Amino acid sequence: MTMTDKQLEVIMNLVADKFEGCKDMDEVRRAIQEVREMARKERPE
């Protein structure tokens, strides 16, 4: 499956929003983990 530019834009904005609220490295680590978990759930089997 090929991703469109619009789909990539939406994903990148979601990731950016996740990191924007981080105040320290612990929050960044949690955000990274959450993004990775979301990526696993979205992948079709």
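These notes cover the structure that comes with them. (Residues numbered from 1 in each chain as written. Predicted model: local features only at pLDDT ≥ 70, side-chain atom pairs only at ≥ 80, totals over all residues. Heavy atoms only, no water.)

1. Overview of a nonpolar patch on the surface
Now for step 1: Taken together, the side chains of M3, L8, I11 and M12 make up a nonpolar region of the molecular surface, amounting to roughly 370 Å² of accessible area.
Now for step 2: Its location among the elements puts M12 in helix α1 (residues 5-20). (Patch = residues over 30% accessible without salt bridge, like charges linked within 9 Å, V, L, I, M, F, W, Y side chains within 5 Å. Areas by Shrake-Rupley, 256 points an atom, 1.4 Å probe, with all protein chains shown as cover. Salt bridge = Lys/Arg side-chain N within 4 Å of Asp/Glu carboxyl O. Helix = DSSP H or I, 4+ residues; strand = E, 2+ residues; numbered from the N terminus.)

2. Quick look at the pattern of salt bridges
Now for step 1: Across all of its chains, the model carries 3 salt bridges by this definition.
Now for step 2: With its nearest N and O atoms 2.4 Å apart, the salt bridge here joins K18 to E34. With K18 in helix α1 and E34 in helix α2 (residues 25-42), this residue pair connects regions lying 16 residues apart in the sequence.
Now for step 3: Judged by its relative accessible area of 28%, K18 falls in the partly exposed class.
Now for step 4: Its relative accessible area of 35% is what places E34 among the partly exposed residues.
Now for step 5: Between R29 and D26 there is a salt bridge, with its nearest N and O atoms 3.1 Å apart. (Buried < 20%, exposed > 50% of the residue type's maximum accessible area, 1.4 Å probe, protein only.)

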